[in-house]
Amino acid sequence: MLDPSSSEDTGGESDPEVFPEAPRKAAGKPCGSSRTSGHSQPRQSTAPGGKTGAKDSGVSCGEEEERKERERREKEEEEERKMKLQIYVFVLRCVAYPFNAKQPTDMARRQQKVNKQQLQAVKERFLAFLNGETQIVADEAFCNAVRSYYEGFLKSERVSRMVQSGGCSASDFREVFKKNIERRVRSLPEIDGLSKETVLSSWIAKYDAIYRGEEDMRRQSQRAHLSAVSELILSKEQLYEMFQQILGIRKFEHQLLYNACQLDNVDEQAAQIRRELDGRLQLAEQIARERRYPQFVSADMEVLYVDELRSAVNLLMANLESLPVSKGGPDFKQKLKRSSMNNSFLDMGDEGDILSKSEVVLSFTLEIVIVEVQGLKSMAPNRIVYCTMEVDGGQKLQTDQAEASRPQWGTQGDFTTTHPLPSVKVKLFTESTAVLALEDKELGRVVLNPTTNGPKQAEFHRMVVPKSSQDTDLKIKLAVRMDKPPNMKHSGYVYALGQRVWKRWKRRYFVLVQVSQYTFAMCSYREKKAEPQELMQLEGYTVDYCDPQPGLQGGRVFFNAVKEGDLIMFACDDEQDRVLWVQAMYRATGQSYKPVPPPQNKTTNCRGGSLNQRQGVEELISAAPCHFDHAALFTILQKNTLQHRMKDSFSCLGWFSPGQVFVLDEYCARYGVRGCHRHLSYLKDLMECSENNVLVDPTLLHYSYAFCASHVHGNRPDGMGTVTVDEKEQFEAIRNRLIALLDNQITHFRYCFPFGRPDGALKATLSLQERVLMKDITTPVPPEDMKKLVQRCLEKAARINYSQLMEYAQIKGDPQAAPEKRLEDLTRLGELCIEVLQQNDEHHSEAFSWWPELMAEHAEMFLFLYQADMDAALQIQPVDSWDSFPLFQLLNNFLRTDPHLCNGTFHKHLQDLFVPLVVRYIDLMESSIAQSIHQGFEQETWQSVNNGSATSEDLFWKLDALQLFVLDLHWPEPEFAKHLEQRLKLMASDMMEACVKRTKSAFDTKMQKASKTTDFRVPPSVCTMFNVLMDAKKQCSKLCVLDSGQELCSQWKKKKNCDAFHPLLFLQFAAVLDGVLSKLSRYDEGTLFSSILSFTVKAAAKYVEVPKPGMDVADTYITFVRQNQDILRDHINDELCIENMFEQWYTGSMKMVCVWLTDRLDLQLHMYQLKTLIKIVKKTYRDFRLQGVLDGTLNNKSYETIYNRLTVEEATAAVKAGDGLQGISMRDSEEEDD
C-alpha cells in the first residue's frame, strides 16, 4: 500500500493550535495592511415627510448595503490572494532547496482520462464498424460481441457518469470488453488447431484497431508520451510552473518573487533554512516558558509536545547538515532523461541552446524613387544632368539624362540589403564639357539612413553641395521605401539597461526578430552592420508596463522584461511606441499574463495587486515562517493541489503526482505540519470529491483513515505521541461522515463503481467500511454486524436499482393501458432486470464473495419488486392467451442457470403462476390435434405432401411443435417436467395410432376396388399411404420415446404391424399373376381345351400364317411389373421400404410359379406355356435385379427349381419340335434384350 506522502521521516511537526491567530490574518499579516474603506452614512431625504423621501431613503440604503457587500468581497479576495502568494513563497523555497523529501519513483503510473468528446468518438467508431463502414474483417461471433459491448456498455448512462466523474480511462474500456469476450469465447465450441487464447488475442487486436480508428499511431504515441511527463520526475522549473497553476500565481509574479527570494543563490537558501529552524527553536522555548500549549487529550502530553518540537528541529538540522555544500547550487537540477521526442518540453525550465548572432538573419528590400531636383540655378538650361544611387557602398544605379532647366526623372531603383540601418547615397551629376575631363562633375549629394518605420511618401531633402557651388539651396525630392521582412516583428529606437546584456543605459536601435516558430530575439544594431551588436532570447521572460525609474536619464515611458535572475528595463519617448513594443514582445514571449496599459492620469502601474511595489514583495519574502499557522496554509495548499490534480488529463482517482507528493512532503517536514492534520485534511478533501460524484480510490481513504486512527489511539505512526483534542474531535466527525459516505457508496454500488470499475474499488470500500466500524485499532467488528450492514445496504440498493431501471425504461405502469402493451413493457422490463442481475454477478459478485447469500437476497428483493408489476400485468391478460409464455421462457432460462436463484422464492412463484397455463394449453392442443385428425382424414385426398399427406404432415408438425414448446420451457421442477414429458409422449403415441388406423382403413378400401388383371397400376394415393406409414414410424422414434429410452408407441406398432400394408399389396400382385397362370393352365396336357387349341392352330397353319401364340400374355404381365416398379420407385420416399417390397414381391412371384410348375410335375408343358413362362421368368429376374434386389434373393430355391424345370422342358421341346421355341431359351436369358 502506497502512502500519499513520502516515506521520509516527518518528525518534528508543530501543532497548529499553538498560534491563536486565524489563518487569514496569519497569512495576510506580513503582506502589509489591507485596503480599508470608510463607512459612509446613507443619504436621507430632506423633504418634509413626503413619500418621495422615504423611497429615496430606501434606495440609498440598498445601494449602501450593496457597496459594503462589494467592498467586503473585494477585501476577502485580496486577503485570499495575499495568502496564496505567501503559500507560494514557501513552496518556492521547498522546491529550490529540498533537504527532507525526494520525488518518489515507485508510484503507479496513472492512465489517461477519457473525456466526453473521446467517448463520443469511440461510440461513432464502434457504430461505424457495426454498420460495415470500416476495413476490419471480422466473423459473426466477434460482431455479436462488439454489438453487445456497444449496446450494453458504451451506450450506458453509467459509463457517461463515469466519464464525467473523471475516473474512466481507455484501459477500463478495454478491460470491460476483455471480460465480456472471455465469457463468450469460453462458451464457443472447441476448434481443432485453433486455441481459445488465439481467438482472444485476435479479438483484442481487432478491438484495439476499432478503438483507435484511423489515427496515426506514431503521432498518438508522441502525444501520450508528452502528456505523461507530469507523471515522471519533474525539474524545478516544471514544479514552479505546476504550482503557479495550482495557486493561481501569474508568471510575472513568480519571476519577481524568484528574483526577490534569490532562489538561484544556494547560500541564501541555506541561510534562510537556518533562520527558519532557529525561529522554530525559539518558538518552542517560548511555548515552554509561557505554557501556551494546545489542548491535549491528556495533560501529561504538554512536556512531550515541547520535546517533539525540539526533536523535529534537531532532525531537520541533521538533514541539513548531511547535505554536501554544493547541494542545491546552480549546477544542481533534477532533470529528466532526455528523449528525442520531447526535448523542448522537458527542458522548458533549463537554459536552452544559446542563440548565436549569425543565426539572426534579416533581408530587406529598398525602393529608391528619384522624382526631381529643385534650386539648380547655376547651370545653363541646356546642360545635361542625372542622378546616381547606391546602398551601403554597393552597386550604383543611374537615372536617365535630363536638361538642367527641367531636372525631373521619376526613376526607381531596387536594392537588397541585410543591414537594418543601411546607408543610402544619392548624388547629382552634370556632364563635363571639357575635352580632358575624365569624370562628370558632382553638383550635390544626400546620405540617408532609412528604417522600416520611415515615411513611404516622397520628400524633399537638402543636398550637400561643393564649397564652390552657387546652388546653396539645392534640394532633391525622393522616396525611400524599406520593406519589413516577415521575421521582423517590430523595430525602433529604445533606451535599455540590463544585468546580462545592455549594461549601459543608452539609446539603441532594436529589432524584434523571430528566428523560428518558438524562438524570438531582441537585437540591437549599429549602422551598416548585418549582425546584431547584442541580443537577448525572449524565452522565459515576462514583459509588462512599469513606472518611471529614478536615476535613469532618457526616455519618458518605461516597460520591462523579467525572468528568474534577470531584469531588463526599456524606455521610449512616446506612449504609443511603448504600447506597440509591449504588444509585440507579449506575443513573442507567449506569456499567459496579458499586460494592461496604465491609465494616463496615473503614474503607477496596476497589475491586479500590489506586487509591483517593492514593499509588497519584501513583506512576502521577509515574513518569518514560524509566525504562520502552517496547518491552515497546508490545508489550502493540499486542497488546491488535489483540485488541480483532479482536473488534469489523468485518471488519478485522488492520487497525487510524484512532483506534488514531493512538494507536500517537503512542506510538511520543513514547516512542521503534523501528519495527523495532513491526513485529516486529505480525508476531508477526498470525501468532498466523492460526495460530488468524483471517483476516488478507496485505498487512499483507507490509508489516511488508518493513519489517523492509529495516531488518535496512541500508536505513533509518525513518531508523534501527542494527540490534541481538536484532532480527536475532527477524527470522530470524519469517522461518522465516512461511515455515511461508504454506506451510500455500497448502496449505490452500481453507480459508484459501474461495471466493476475502478478495478477492486468496491471490495476495497467494503474493507474500509469494516475498518471504520472498528471502535479501536485492535478489536475487529463482529461478522454479524458487518453482515447486517451489508444486508441493509443491499436491500436499499435493490429498491434504488429497480426504480432507476423503471425510469430508464420509461415504463409508467398505466393501469388503463392495453393488455398487449402491458405485456410488451413487462417483457422489456424483464430483459433489463436480467441484464442488471447478470452485470451484478459479472462485475460485483467478487466484491461480495464473503456474503454470497446476501447477493442472492439482493437479487430476490430486486425480483420481488418486479414480481408485483408482473402479477398485475398477467392478471389482465385474456383467458386462453398464450402471449405470456415467452416471458416465462425469458425469466426461467436465466433463473434455472443461477445456482442461488434456481427454485428460489421468485422462481417458485413464477412456476406456480404458469403451471395452470401450461396444463390448459396442452389440453387445448390435444383436443385441437384430435379434431384435426378426424376432419383431416375425412377430407383427405391422399395427395403427396413432403413425406406424407397433408393431414399427416400437419399432425406430425403440431406434435413436434408442442413437444419443442414444452421442451423450451425447461421446466425447473423435475416431477412436473417428467409428467409433462410422459403426457406429451403418450398423446403423440395415441395420435399416431389413430393416424395409422385411418390410413389402414383407407388402404383397405382402395385395394378392394382395385382391378385383378394386368391392367392394375398402383395408384399414387396408395403410395402416399405408404409414405404416411413410413413417416409415422420415423416420427415415433422421435415423438414417442422418453428420456429413459422407453418407446411408448411399441405397443400399437406390434399390434397393428406397420408392415401390414405390404401383404395387402402383394395379394393384389399375386392375384394378377394368378390370372396369368390361369390362362396358361388352359394348355395343360390332356385337357380338352388344350387339344382344341392345338388342332385349331395346326389346321389354320395350312392355309394362312398364324401369329406366334403366348407372347401377348407374357408382354402384358412384364409391362405390368415394370410400370408398377417405376410407380413404387417414384412415389415412395423410403428406399429401404422399396427394397423390402421388391424382395417380397419377387419371392412371392417365384414361389407362385414354382408351385404352379410343381402341380404339373407329371405333365409336359405345352410349347405355349413354356415360351410364356421362360419369358416371364427371364424378364422378372432381370427387372428385379435392375431394381436392386440382391443375388442371394434372386437365386433362391424357387428360382432354381423353376430354372431347372424350364431348362429340361426346353431341351425336350427342342428334340421334339426343333425350332418350335423360336429362339426363346433359359440359357441366354441374361444376354437377351427386349
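Residues numbered from 1 in each chain as written. Predicted model: local features only at pLDDT ≥ 70, side-chain atom pairs only at ≥ 80, totals over all residues. Heavy atoms only, no water.

**Some points on the sheet that holds strand 1 (residues 364-374)**
Okay, so step 1: The four strands lie next to each other as 5-1-9-8, forming an open sheet whose pairing is antiparallel. Each edge of the open sheet carries a strand with a single partner, namely strand 5 (408-417) and strand 8 (459-462). Recorded for the sheet is a direction-independent mean angle of 30° between the axes of neighbouring strands.
Okay, so step 2: As paired strands, strand 1 and strand 9 (residues 475-482) are joined by eight bridges and run antiparallel to one another. Residue pairing in the sheet places Leu-366 in a bridge with Met-482 of strand 9. (Pairing = 2+ DSSP bridges. Helix = DSSP H or I, 4+ residues; strand = E, 2+ residues; numbered from the N terminus. Axes fitted to C-alpha atoms, helices over the stretch in contact; angles between N-to-C directions.)

**Observations concerning the confidence of the model for the protein**
Okay, so step 1: On average, the protein scores 83 in pLDDT, and the residues at 70 or more come to 85%.
Okay, so step 2: Taken together, the stretch residues 216-227 has pLDDT below 50 and engages in 12 contacts with residues farther than four places along the chain or on a different chain. (pLDDT = per-residue confidence, 0-100. Contact = heavy atoms within 4.5 Å.)

**Overview of the pairing of strand 2 (residues 384-391)**
Okay, so step 1: For strand 2, the buried fraction is high: seven of the eight residues fall into the buried class.
Okay, so step 2: As paired strands, strand 2 and strand 4 (residues 402-403) are joined by two bridges and run antiparallel to one another. Bridged to Val-385 within strand 4 is Ala-402.
Okay, so step 3: Of the pairings in the sheet, the one linking strand 2 to strand 6 (residues 424-430) comprises seven bridges and is antiparallel in character. In the strand pairing of strand 6, Val-391 is matched with Val-424.
Okay, so step 4: Bridging between strand 2 and strand 3 (residues 396-398) involves three bridges; their strand directions are antiparallel. Residue pairing in the sheet places Thr-388 in a bridge with Gln-398 of strand 3.
Okay, so step 5: Counting the residues that bridge the hairpin from strand 2 to strand 3 gives four residues, and of these Asp-392 lies at a positive phi of roughly 55°. (Buried < 20%, exposed > 50% of the residue type's maximum accessible area, 1.4 Å probe, protein only.)

**Details of the pattern of salt bridges**
Okay, so step 1: Counted according to the given criterion, the structure contains 45 salt bridges.
Okay, so step 2: Between Arg-81 and Glu-253 there is a salt bridge, and its shortest N-O distance comes to 2.5 Å. In this pair, Arg-81 sits in helix 2 (residues 51-96) while Glu-253 sits in helix 10 (residues 251-261), placing the two residues 172 residues apart along the sequence. There is no split in this pair, since Arg-81 and Glu-253 are both buried. (Salt bridge = Lys/Arg side-chain N within 4 Å of Asp/Glu carboxyl O.)

**So, the pairing of strand 15 (residues 557-563)**
Okay, so step 1: The buried fraction of strand 15 amounts to seven of the seven residues, a majority that puts the element mostly inside the structure.
Okay, so step 2: Across the two faces of strand 15 the burial is the same, with Val-557, Phe-559, Ala-561 and Lys-563 and Phe-558, Asn-560 and Val-562 all buried.
Okay, so step 3: Across five bridges, strand 14 (residues 542-546) lies against strand 15 in antiparallel orientation. When the bridges of strand 15 are listed, Cys-546 appears paired with Phe-558.
Okay, so step 4: Examined bridge by bridge, strand 15 and strand 16 (residues 566-572) share seven bridges and lie antiparallel to one another. Residue pairing for strand 16: Asn-560 is matched across the bridge by Met-569.
Okay, so step 5: What sits between strand 15 and strand 16 in their antiparallel hairpin is a turn of two residues, with Gly-565 showing a positive phi close to 85°.

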